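# Summary of the model geometry
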Amino acid sequence: MVLCPVIRKLVSKRVVLASASPRRQEILSSAGLRFEVVPSRFKETLDKTSFSAPYEYAMETAKQKALEVANRMNVKDFRPPDVVIGADTIVTVDGLILEKPADKQDAYNMLSRLNGKVHSVFTGVTIVHCSSKDNQLQTEVFKFYEETKVKFSDLSEELLWEYIHSGEPMDKAGGYGIQSLGGMLVEYVHGDFLNVVGFPLNHFCKKLVELYYPPPRDAIHHVKYDSVPSVETFEVLSDEEHGSSTQGNLTIKLEGDNAFSSGAPGSLGKNKIGQDVMGEPVEKCSGDMESLTKFPSTLVELLDGFKASKAMFVACKLKVFDLLKGKAHLKAKDVADHISASVCGTERLLDSCTALQLLKKTNQGYSNTELADKYLVSDSEYSLHGYIMHANDHVWPLFTHLESAVKEGTNQNHRAFGKNTQDLFQDSYYHSMETKLRFMNAMHSIMKLTARGVATAFDLSRFRSACDLGGCTGALAQVLIQEYPHLKVTVFDLPDVIENVSGFQPTGQDTSRITFTSGDFFKDNIPEADLYILSRVLHDWPDDKINALLSKISDLCTPGSGLLLSEMVLDDKKRNRSAWLQSLNMLVQTEGKERSSYEYRCLLEQHGFRNVEIVQTGSLLDIILCTKC
Ligand SMILES: Cc1cn([C@@H]2O[C@H](COP(=O)(O)OP(=O)(O)OP(=O)(O)O)[C@@H](O)[C@H]2O)c(=O)[nH]c1=O
């Protein structure tokens, strides 16, 4: 029996689990999935210090495990399987990542660290959709992770050694198996138990729903029943999505009273074409639903969206998070004094930020959350402060003219800033030192956060030289030279930018393989390289300018040269909300737009690029690599 129809979606596909873990095999086969097991040969040796968070490491390892298997099978069988699933489980405690112990002493060290404490277990999962064109593997990569908190009891040395001698710890992350003897060590678990065991089945099913049955965004909401907690479900699904009939009726009726569903208000259990997918009378369900969902909470969230954004922007601008960094607590009055603001206004801002989970509040006062410390403090390693200031000072005013942008189909720089933008970058970003540095800061902060993902989405080690066109402060170049010891990178950008890059260079790092060259890629000669990179560049421009640029790059390329793009890729199903909103953003501020993978593929193939591969990261940027024929 296949309880969850989304698992049934995979029945007709050749699915491979790239894992030797017997636990993963058991969890997935118990869920009714049919798959082959091809353990990955990928060595789990990625540099942990190069990841901004432990789950990034787990997701990347999971991805590399899956891609290794996809590649190997493509070579061996001359065609890849349809889907490859990879996973990686890690335990984190005291800022350390624990994997499988090397020996008994190592297991003891791990278990002693966990003793009496709460730790996190992260499993990163990657689903790779594979196809093949001219024997070249084409992949679409989807990643996610799940975190579960586990508390160990206070355990005696004797018990720890007895457990270690049982042999159980050796093939398990953190040195324990919660599903077996190790369960005795555990006081409580917060979150998905199976995630600790090695595979977050629930999240996996939700991800499959997103991939195979994307609902219209406003159709997912939390439904409350007397005896059932509010949940986001993946149970009730129909293949008749978006009005297009696919393969038969997937009516599913859950047993007992706890059957629940998701759907647009007033349409519980009713699919797009009016069928009752729960097998219940539609009227009865709709009636119940209306009384239960008086409030269209999705709309309320949207109504509040701009208030939440602005509260965060203002708290950043007033450097509230900088002030609270490293301090145990501050009262509203102390914060107000420091930022020269009213006490009553400051208190409301701080309370709103607390409600938004950017701050914590106790009787002693306010303090930063981990999130704020990491991303909102202006000088933190992966700070988004620069990008947020750009959003506040540049994007926000433009969005107040969205209505005009929609009516006129053009950017609103003239209305928001009194600027005619003949030359987009010169006129809107670089017209004063202040706007120039603000824009550079914004690009630097967002690139620092995303650079590792861009640099490692594909193996670029075959290239010896790269040219990052519009590479701004060189944040991506920094990561590229760390990842690829033989790569030399030229950062090419407008003179206005290159004159000011020195303040953005890291101290104490060898940057001798990075060269900064100034010029305009539309007008001037572009440096020669094996690999050209356009990161968040094409979305600024209309097709005619893109064609001119791609043609110029293509002329410089020799067969085998690469072109790497990073952009937010639009999806037909409108799942990637950030990408669609970013396209609106491009309307109000540039001449460009975001594009779909099909549009990118066409543009690239038109200019002689082939083997177009796309990695959808599920975060801010998707990555496309292609090769000049
Ligand atoms: C915390 C915990 C972990 N595990 C196992 O730990 C291995 C993690 O290692 P991995 O590198 O993610 O996987 P692997 O076993 O090396 O397999 P592979 O996917 O081939 O790399 C997986 O087995 C998991 O079940 C348990 O069985 N129970 C637990 O409570």
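Residues numbered from 1 in each chain as written. Predicted model: local features only at pLDDT ≥ 70, side-chain atom pairs only at ≥ 80, totals over all residues. Heavy atoms only, no water.

Naming follows an unreviewed UniProt entry, where the protein chain appears as LOW QUALITY PROTEIN: N-acetylserotonin O-methyltransferase-like protein of Phascolarctos cinereus. In UniProt, the protein chain has this text filed under Cofactor (unreviewed entry): "a divalent metal cation". Its UniProt record gives the protein chain a comment under Subunit (unreviewed entry), which states: "Homodimer." (UniProt positions renumbered as here; feature names shortened; annotations may be inferred.)

Our focus in this paragraph is the overall build of the protein chain. A count of helical and extended segments in the protein chain gives 23 helices and 20 strands. The buried share of the protein chain, taken over its 629 residues, is 51%. With the model as given, the accessible surface of the protein chain reaches about 29100 Å², and the carbon-plus-sulfur share is 52%. (Helix = DSSP H or I, 4+ residues; strand = E, 2+ residues; numbered from the N terminus. Buried < 20%, exposed > 50% of the residue type's maximum accessible area, 1.4 Å probe, protein only. Areas by Shrake-Rupley, 256 points an atom, 1.4 Å probe, with all protein chains shown as cover.)

Moving on to the pairing of strand β3 (residues 83-93). Summarising burial for β3: 11 of the 11 residues are buried, a large majority. Every second residue of β3 is oriented toward a common face, with Val83, Ile85, Ala87, Thr89, Val91 and Val93 on one face and Val84, Gly86, Asp88, Ile90 and Thr92 on the other, all of them buried. As judged from the 10 bridges shared by β3 and strand β5 (residues 118-133), these two strands associate in the antiparallel manner. Bridge assignment links Ala87 to a residue of β5, and that residue is Val125. Sheet topology places β3 next to strand β4 (residues 96-98); 3 bridges connect them, and they run antiparallel. (Pairing = 2+ DSSP bridges.)

The next subject is the site of the ligand. Neighbouring the ligand are 21 residues; Ser19, Arg24, Lys65, Lys100 and Val197 lie closest to it. In the model, an oxygen atom of the ligand is placed 3.2 Å from a nitrogen or oxygen of the Asp88 side chain. Between an oxygen atom of the ligand and a main-chain N or O atom of Ile178, the distance comes to 2.7 Å. The fraction of the free accessible surface of the ligand (600 Å²) that becomes covered by protein chains is 95%. Elements that contribute at least two residues to the shell around the ligand include exactly α2 (22-30), β3 and α6 (193-197). (Near = heavy atom within 4 Å. Polar contact = N/O pair within 3.5 Å; in protein donor to acceptor, adjacent residues only side chain to side chain.)

Now for the confidence of the model for the protein chain. Here the protein chain averages 86 in pLDDT, and 86% of its residues register 70 or above. Low pLDDT, under 50, characterises residues 217-292; the predicted model gives this stretch 124 contacts beyond four residues in sequence or across chains. Our summary of model confidence lists the complex with pTM equal to 0.58 and ipTM equal to 0.99. (pLDDT = per-residue confidence, 0-100. Contact = heavy atoms within 4.5 Å.)

With that settled, consider the packing of helix α4 (residues 104-114) against helix α5 (residues 157-165). Interhelical geometry of α4 versus α5 gives an angle of 135° and a closest axis separation of 10 Å. In this view, α4 runs oblique relative to α5, as classed from their interaxial angle. Judged by the sense of rotation from one axis to the other, the crossing of α4 with α5 is right-handed. Mapping the contact onto sequence places Lys104, Gln105, Ala107, Tyr108, Leu111 and Ser112 in α4 and Glu157, Leu160, Trp161, Tyr163, Ile164 and His165 in α5. Of the residues contributing to the contact of α4 with α5, the split by class is 7 nonpolar, 3 polar and 2 charged. (Axes fitted to C-alpha atoms, helices over the stretch in contact; angles between N-to-C directions. Parallel < 35°, antiparallel > 145°, perpendicular 65-115°, else oblique. Left-handed = near helix turned anticlockwise from the far one by under 90°. Nonpolar A, V, L, I, M, F, W, Y, C, P; charged D, E, K, R; others polar.)

With respect to the secondary-structure elements, Thr450 resides in helix α18 (residues 433-456). From its side chain, Thr450 meets the backbone oxygen of Ile446 in a polar contact 2.8 Å long. Excluding anything up to four places from it in sequence, Thr450 contacts Leu620 and Leu621.

What follows concerns the packing of aromatic side chains. To describe a pair of aromatic rings, you give the distance between the ring centres and the angle between the ring planes. Tallying each qualifying case throughout the model produces 16 aromatic pairs. Summarising the aromatic geometry, the rings of Phe51 and Tyr57 are spaced 5.7 Å apart at their centres and angled 80° between planes, so their arrangement reads as edge-to-face. For the residue pair Phe51 and Tyr57, the accessibility class agrees, reading buried in each case. Centroid distance Tyr55 to Phe122: 6.1 Å. Interplanar angle 50°. Geometry classified as tilted. On the criterion of sequence distance, the pair formed by Tyr55 in helix α3 (residues 54-77) and Phe122 in strand β5 is long-range, its members being 67 residues apart. When sorted by exposure, Tyr55 lands in the same class as Phe122, which is buried. Among the aromatic residues, those joined into a cluster by ring pairs are Phe425, Tyr429, Tyr430, Phe439, Phe521, Phe522 and Trp541. Above the ring of Tyr382, the side-chain terminus of Lys448 is found at 6.0 Å from the ring centroid. Cation over ring: Lys545 sits above Phe522, and NZ or CZ is 5.9 Å from the ring centre. (Phe/Tyr/Trp six-rings, centres within 6.5 Å; stacked < 30°, edge-to-face > 60°. Lys NZ or Arg CZ within 6 Å of the ring centre and 35° of its normal.)

Locating Glu99 in the fold gives a position in the loop between β4 and α4. Of the polar contacts made by the side chain of Glu99, one reaches the side chain of Lys48; its length is 2.9 Å. Look past the residues within four positions of Glu99 in its chain and what remains in contact with it is Glu44, Lys48, Tyr57, Asp88, Ile90, Met110, Lys172, Ala173, Gly174 and Gly175.

Another point: the sheet that holds strand β15 (residues 531-535). Strand order in the open sheet made by the 7 strands is β14-β13-β12-β15-β16-β20-β19, with mixed pairing throughout. Looking along the sheet, the strands with just one partner apiece sit at the ends: β14 (514-518) and β19 (609-615). The mean inter-strand angle of the sheet, taken between neighbouring strand axes irrespective of direction, is 20°. Relative to strand β16 (residues 562-567), β15 is paired through 5 bridges, and the arrangement is parallel. The residue bridging Ile533 from the neighbouring strand is Leu564, located in β16. Against the sheet, helix α19 (residues 475-483) makes contact with β12 (465-469), β13 (488-493), β14 and β15, and its axis sits at roughly 175° relative to β13, the strand it touches most. Across the face of the sheet, helix α23 (residues 597-606) comes into contact with β16, β19 and β20 (622-628) while running at roughly 155° to β19.

Counting across every chain of the model gives 30 salt bridges. The closest approach of N and O atoms between Arg23 and Asp171, which form a salt bridge, is 3.3 Å. Here the residue Arg23 occupies a position in helix α2, and Asp171 occupies one in the loop between α5 and β7 (186-190), the gap between them amounting to 148 residues. A relative accessible area of 38% places Asp171 in the partly exposed class. (Salt bridge = Lys/Arg side-chain N within 4 Å of Asp/Glu carboxyl O.)

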